[in-house]
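Understanding the architecture of this molecule
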Amino acid sequence: MKVQRAAESQDVHPKALCDTNSETFRDLARKANIANDYFIRTTDPEHRDAVEYFWARLRDRGHIYETKHEGWYCVSDETFYPDSMVEKRVSPLTGKAFMASTETGNVVEWTEEKNHHFRLTAFRDRLLKFYSENPSWVAPHSRYTEVISWVENNLEDLSVSRPVSRLNWGIPVPDDSSQTIYVWVDALINYITVAGYPLWPPGSEHEQGWPADVHVVGKDIVRFHSVYWPALLMALDLPLPKRILSHGHWLMSRQKMSKSVGNVVNPFFAIDRWGVDTMRYFLTYNGAMANDSDYSNELIVNRYKKGLQGGLGNLLNRITRSKSWSTREAVVAMTGREGGALPEGVDAQRKRLEEIVAKVERHMEELNPTGALKEIMDFVFETNPFFQDAAPWTEKNEGRIEAVHQIIFYAAESMRITGILLQPFMPEKSTGLLDRLGVSHDRRTMSYAELHADDSYGTSMVPLGEGAHSSLFPPIPVED
C-alpha cells in the first residue's frame, strides 16, 4: 500500500515507480562496490509463480482462513499493530493529535475489512521452543529477547491479504481475485524464489543456497524475519535461515533522518565527496548493531585522519618509502627463521601477529563486523608505537642490520596481514596497500593471512611517490 500511495501521489503506475527505485539501488550497489549474485525483485515472473505455489500449499494444509479483521494498520510499516502497541501522540510540527505505533512512531489508521489470515498463533509454542534451542539465532542478543517477548505477549493471527479495493498493487490471492496477497508474505518468499523454490527435488534445496547462512535486516523489520518468516516456513516444513543479523539505524545530530526535517544524507554525494572506501570504513567502524549511530561530516573526517591517514597510511609510508632499508631484503633475510630468538619488543609484535586473525574471525563468526574492523585497527594502532619504539633508523645508523631486518619484517608482515583482513571492508584501498607491499594477487586470500606464509613480497608493484598527496590516504581537500 505504501508503494501504491506513493505512486498515486506522483501520478505514475506503481511498476514504473518501482522500476525507477530499483535502478537507484542497483546504481548505489555498484557505486559502493557491493557485490551480489542476484538482485531480487518481487515483480519477477518466477517469483509470482513461487508465491502462488506457497500460498496454495498453506491453504491446502489448513493454515489460512477468511474472516473480518479490525485493527490499527500502519501504511509506512506495512503491518497491523495490536492495541497494546498503539498510543495517541501530538505532532510537533502541526500540533495535531494522531494515533501512532509505539514501536516505530509512524501513523496508524483504524481499518475494518474482510481478508485472509494465517494461523500464526498455532506456531507460538513451536517458535518459542526454536528460540530456546537456538539462542544465537537472532543477533544482537537484545533483539533476540525482544522477539521472544513479542511472541509471548503480542502474537495474533496474521492478516495475509488486503482487499483489491484498497490495494491492487501486488499478487492476487489464488482463487480470490478480490484480495491481494500481503506485501510481507510476498516479499519474504523471494529469499527462496532465488534459491529455486518450488522446483526443489526432496532434500536438494541446499544445492542452490537455502537455507541462507544469514539474513541481514534493519531493526524495524526484525519481527517480519524472526517471527512471521520462520512460522511460514514451519507451516510448510521448509528449512529456516541459519541466522538473523539485525542492525541499528543512522541518525543525524542524534535525530532520526527525515525528508520533512531535511537531514537526509544522499549516499551518492557522500561517496563522491569522501571516497567509497572511506565511507565503507566509517559506516562499518561507527555503525552499531544493538543501537543507532550518529552520522556527521566531522565524524567521517576524524575517522579518516586518525585511523586511515594517521594510522594505516602513515605506517605504510614509513615501512615502504624509507631509503634506509629494503622491505624485500628484510623478507628474504627473515625467510626460514621462524623459530629464532627475538628482542622483547619484536617478540611482543610477533605474538600480536599470531593472534590477530583468530580475534577477527571470532568477531565475524559472532556476526559483528564492527568488532572485527575495530580489532584490525587496534592492531594497526599497536603496530605504530612498536615501530616507533623499535627505531630501525637507529639500528641502521649503529650498524645492527639483523635488528633492522627483524623490525622491518614484522612491521611489513603486520601490514600484509592487515591488508588481507581489510579486503572485505575497503577493497580498493586494501588492494592499493598490498600493491605497495608487492604482494602477489594470488597470495591475498585468508590462507596467506599468517606469519611467514608469503616470502615473495617486498618490492612495490606501483610507484610509491613522495609526500602526503601521493600517499594511500592523502589529505582531504575540504573537511567541513
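This text follows the structure it describes.
Residues numbered from 1 in each chain as written. Predicted model: local features only at pLDDT ≥ 70, side-chain atom pairs only at ≥ 80, totals over all residues. Heavy atoms only, no water.

1. Some words on the packing of helix α9 (residues 276–286) against helix α16 (residues 427–437)
It is the contact of α9 with α16, at a shortest axis distance of 7 Å, that shows an interaxial angle of 110 degrees. Relative to α16, α9 is oriented roughly perpendicular. On α16, the residues that touch V276, D277 and R280 of α9 are P427, E428 and K429. (Axes fitted to C-alpha atoms, helices over the stretch in contact; angles between N-to-C directions. Helix = DSSP H or I, 4+ residues; strand = E, 2+ residues; numbered from the N terminus. Parallel < 35°, antiparallel > 145°, perpendicular 65-115°, else oblique. Contact = heavy atoms within 4.5 Å.)

2. A look at the sheet that holds strand β12 (residues 244–247)
Sheet architecture is open: three strands sit in the order β6-β12-β11, paired in parallel fashion. Two strands in the sheet have a free side with no partner beyond their single neighbour: β6 (138–139) and β11 (215–218). Of the strand pairs in this sheet, β11 and β12 are connected by four bridges, and their pairing is parallel. For V217, the partnering residue across the bridge sits in β12 and is S246. Sheet strands touched by helix α7 (residues 222–235): β6, β11 and β12. Its angle to β11, the strand with the most contacts, is close to 130 degrees. (Pairing = 2+ DSSP bridges.)

3. What to know about the side chain of H363
Within the secondary structure layout, H363 lies in helix α12 (residues 344–365). Owing to a relative accessible area of 18%, H363 belongs among the buried residues under this scheme. Ignoring sequence-local partners within four residues, the contact set of H363 consists of N368, G371, A372 and E375. (Buried < 20%, exposed > 50% of the residue type's maximum accessible area, 1.4 Å probe, protein only.)

4. Details of the nonpolar core
Among the nonpolar cores identified, the biggest contains 62 residues, and F387 and Y410 are the most heavily contacted of them. If you list the elements that add at least two residues to this core, you get α8 (267–274), α9, α10 (297–320), α11 (327–334), α12, α13 (369–390), α15 (401–421) and α16. The greatest single-element share of this core, amounting to eleven residues, is contributed by α15. Dropping the residues within four chain positions of it, F387 is found in contact with L315, R318, I319, W325, P392, W393, I407, I408 and A411. (Core = buried A, V, L, I, M, F, W, Y, C linked by side-chain atoms within 4.5 Å.)

5. Notes on the packing of aromatic side chains
On inspection of all chains with the given rule, the structure shows 22 aromatic pairs. Ring geometry for F224 and Y228: centres 5.5 Å apart, planes at 75 degrees, overall edge-to-face. Here F224 and its partner Y228 are both found in helix α7, four residues apart, which amounts to about one turn of the helix. F224 sits in the buried class, given a relative accessible area of 2%. Residue classification places Y228 among the buried residues on the basis of a relative accessible area of 4%. Ring centres 5.5 Å apart and planes at 35 degrees place the aromatic pair Y281 and Y285 in the tilted group. Taken together, the residues Y281 and Y285, both in helix α9 and four residues apart, mark about one turn of the helix. When sorted by exposure, Y281 lands in the same class as Y285, which is buried. Among the aromatic side chains, those forming a connected cluster through ring pairs are Y53, F54, Y197 and W200. (Phe/Tyr/Trp six-rings, centres within 6.5 Å; stacked < 30°, edge-to-face > 60°.)

6. Focus: the packing of α10 against α16
When two helices pack together, their arrangement is given by the angle between their axes and by how far apart the axes lie. The N-to-C vectors of α10 and α16 enclose an angle of 15 degrees; their axes lie 11 Å apart at closest approach. In terms of orientation, α10 and α16 fall into the roughly parallel class. In terms of crossing hand, the pair formed by α10 and α16 is left-handed. Here L312, L316, N317 and T320 of α10 lie close against α16, whose contacting residues are L433, R436 and L437. By residue class, the composition of the contact of α10 with α16 is four nonpolar, two polar and one charged. (Left-handed = near helix turned anticlockwise from the far one by under 90°. Nonpolar A, V, L, I, M, F, W, Y, C, P; charged D, E, K, R; others polar.)

7. Some remarks on the pairing of strand β3 (residues 86–90)
Bridge analysis of β3 against strand β4 (residues 97–101) gives five bridges, and the strand direction is antiparallel. Each residue of the ladder has a partner; that of V90, found in β4, is A97.

8. Regarding unusual backbone geometry
Between A139 and the following residue, P140, the backbone shows a cis peptide bond with an omega angle of 0 degrees. Tracing the sequence through the fold places P140 in the loop between β6 and α5 (141–154). Residues Y197 and P198 are joined by a peptide bond in cis, for which omega reads 5 degrees. Even without being a glycine, N33 presents a positive backbone phi close to 60 degrees. Note on placement: N33 falls in the loop between α2 (14–31) and α3 (45–60). Judged by relative accessible area, N33 falls into the partly exposed class, the value being 33%. Despite not being glycine, D237 shows a phi value in the positive range, around 60 degrees. Residue class for D237 comes out exposed when judged on its relative accessible area of 54%.

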